[in-house]
Amino acid sequence: MVGLPARGKTYISYKVSRYLAWLGIKTQVFSVGNYRRQLAGDKLPASFFDRKNKEALKIRHEAAANALTDMLSWFDKEEGRVGLLDATHSTKMSRQWVYEELESRHIQVLFIESICDDEHIIRSNIKDVKLSSPDYSHFSPEVATTEFLQRIKHYEAAYEPISEQHYSYIKLINVGSQYIINMIRGYLESRIIYYLMNLHTRPKRIWFTRHGESQFNVEDKIGGDSGLSPRGEEYALLLPKLVQDNIGDRPLTVWTSSMKRTIQTARHLEFPKKQWKALDELDTGVCDGLTYDEIAQRYPDEFAKRDEDKFNYRYQGGESYRDLVQRLEPVIMDLERHENILIVSHQATIRCMYAYFMGISHEELPYTRIPLHTIIEIKPKAYTCEEKLYKVEVNAVDTFRPKGQTSRQLVNDKFISVNST
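In what follows, the accompanying structure is described. (Residues numbered from 1 in each chain as written. Predicted model: local features only at pLDDT ≥ 70, side-chain atom pairs only at ≥ 80, totals over all residues. Heavy atoms only, no water.)

Details of the overall build of the protein
Within the protein, the regular secondary structure consists of 14 helices and 13 strands. Here the C-alpha radius of gyration of the protein, 24 Å, is about what a compact globule of 421 residues would show, namely 22 Å. Here the C-alpha coordinates of the protein stretch approximately 70 × 45 × 40 Å along the principal axes. When the 421 residues of the protein are sorted by exposure, 55% land in the buried category. Sequence-distant contacts, at least 24 apart, represent 68% of the contacts inside the protein between residues at least 6 apart. Taking the average place of the 58 positive charges on the side chains of the protein and the average place of its 58 negative ones, the gap between the two points comes to 3 Å. (Helix = DSSP H or I, 4+ residues; strand = E, 2+ residues; numbered from the N terminus. Rg over C-alpha atoms; globule rule 2.2 N^0.38 Å. Buried < 20%, exposed > 50% of the residue type's maximum accessible area, 1.4 Å probe, protein only. Contact = heavy atoms within 4.5 Å. Lys, Arg positive; Asp, Glu negative; His and termini not counted. Charge placed at Lys NZ, Arg CZ, Asp CG, Glu CD.)

Here it is in structure tokens:
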């Protein structure tokens, strides 16, 4: 990463990391700020970042060296694919050092520079990210802002934007209003550039809800294109009020799948709507329309294989969760470009999108709970996402199936193992 403080570098680092990990590419962020806090503590005056402060400069260089050393060790010992070195790298000398250390080990280097001269965006970044960091937790917001602006001035005094034409780089200017790209090489760099050109660092919220309870949900059948149950219809009727009470008068756009139950659920919402085939439920192939008990009886070996590796298991004639992630990538790109989107979709589909935003591993993704008759609000932040749940008082079956559960029956809206006590 390259750029002055409060330009969204940390946000971009963690977004890129979560995106690549979501695709199955082993990625990790190495934050030089964390290493600096280990060496010098977290209650430092702005003068610590003055380049004339030779003692502090020595500590900052040591922190950068420690972060780079750990990243190189991670590449070697843990077979990492993409490491993100989150720091300012604001001088030609610091970039040359990083470049030479990595290239000498045959590691490709891509510099990502975030440039912003919009005062409103900078102050918003300070408020949303920097004031909650350990560096400023002991200050009042007003004092912290003043201190941080002074820190920025120290960096500005030495800042040299990237101009080295022998480097691979992308410049992101004013939150994606302009891009400058130089010497991009290979598959991974191209994927990262593609993602960055769709990424906007403006504050946003995204809302997910499953369709209302369907008839297949009640019957414990998977897949299909069934309509809503009576309780699902009730949820559809109450959804506009749930949106109004918790989302307010935002100019929403509603995205649904092409399947009947999501379209029925959204039909009372008076917002623009868009149907996405990509938002359809995971294709269960030959098991479509069967109950879990029927699958276990007809395809016992396949049933066991899916429990062994639920993320990678592909239904005969259907899809795996890994396939679904690939199918949803264009949706994720559109979500990163837009604001105020309410998605009405399905359990597996929302699991995949939720995992992208929340940084959930492939092993955990297929077992993430996405309850019926609930809106999930996601607010992306620098290091993770904030989450809120909004529920409506309409009961629904709990369709969650834990690993290893075979024969089951519905008791008080929960599917429990038949031999449970």
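Details of the pattern of salt bridges
Going through the model one piece at a time under the given rule, you end up with 30 salt bridges. Salt-bridge contacts for Asp323 lead to Arg314; the nearest nitrogen and oxygen are separated by 2.7 Å. (Salt bridge = Lys/Arg side-chain N within 4 Å of Asp/Glu carboxyl O.)

Concerning the side chain of Thr256
Here Thr256 lies in strand β7 (residues 253-256). Take Thr256: its relative accessible area is 3%, and that puts it in the buried class.

Considerations on the sheet that holds strand β6 (residues 206-210)
Strand order in the open sheet formed by 6 strands is β8-β7-β9-β6-β10-β11, and the pairing between neighbours is mixed. Only two strands of the sheet have a single partner each, and these edge strands are β8 (273-275) and β11 (385-391). If you compare each strand with its neighbour and ignore which way they point, the axes differ by 20° on average. With 7 bridges joining them, strand β10 (residues 374-380) and β11 adopt antiparallel strand pairing. For Ile378, the partnering residue across the bridge sits in β11 and is Glu387. This element, helix α9 (residues 230-246), spans β6, β9 (341-345), β10 and β11 of the sheet and lies at about 35° to β10. Along the sheet, helix α13 (residues 321-337) contacts β6, β7, β8 and β9; its crossing angle with β7, the most-contacted strand, is approximately 175°. (Pairing = 2+ DSSP bridges. Axes fitted to C-alpha atoms, helices over the stretch in contact; angles between N-to-C directions.)

Things to note about the pairing of strand β5 (residues 178-182)
The pairing of strand β4 (residues 168-173) with β5 spans 5 bridges and is antiparallel. What sits directly across from Tyr169, in β5, is Asn182.

Thoughts on empty space enclosed by the protein
Under the defined criterion, the tally for this structure stands at 3 cavities of 30 Å³ or more. What the largest cavity holds in volume is close to 360 Å³. The wall of the largest cavity is formed by 26 residues, among which Ile222, Gly223, Glu281, Tyr292 and Gln347 lie closest to the centre. Among the elements of the structure, α8 (215-219) and α14 (347-358) are those that each provide at least two residues to the lining of the largest cavity. Among the elements that line the lining of the largest cavity, the one with the most residues is α14, at 3 residues. Residue composition of the lining of the largest cavity, by class: 8 nonpolar, 8 polar and 10 charged. Size it by volume and the second largest cavity reaches roughly 120 Å³. Every residue lining the second largest cavity is counted, 15 residues in all, and those nearest its centre are Ile12, Ser114, Val175, Gly176 and Thr201. Broken down by class, the residue content of the lining of the second largest cavity amounts to 9 nonpolar, 5 polar and 1 charged. (1 Å grid on protein atoms, 1.4 Å probe; cavity = no way out; pocket = protein on both sides within 12 Å on 5 of 7 lines; lining within 4 Å. Points joined across faces, edges and corners; volume = space filled by probe spheres on them. Nonpolar A, V, L, I, M, F, W, Y, C, P; charged D, E, K, R; others polar.)

Topic: the environment of Ser407
You can see Ser407 is positioned in the loop between β11 and β12 (408-411). A C-alpha to C-alpha distance of 23 Å links Ser407 and Leu365, two positions 42 residues apart in sequence. Not counting residues within four places of it along the chain, the set of residues in contact with Ser407 comprises Asp293, Ile416, Ser417 and Val418.

What about the packing of helix α5 (residues 119-128) against helix α6 (residues 141-156)?
With their axes 11 Å apart at the nearest point, α5 and α6 run at an angle of 120° to one another. When the interaxial angle is binned, α5 and α6 end up oblique. Considering the relative orientation of α5 and α6, their crossing is right-handed. Contacts from Ile122, Arg123 and Ile126 of α5 reach α6 at Thr145, Phe148, Leu149 and Ile152. Tallied by class, the residues present in the contact of α5 with α6 amount to 5 nonpolar, 1 polar and 1 charged. (Parallel < 35°, antiparallel > 145°, perpendicular 65-115°, else oblique. Left-handed = near helix turned anticlockwise from the far one by under 90°.)

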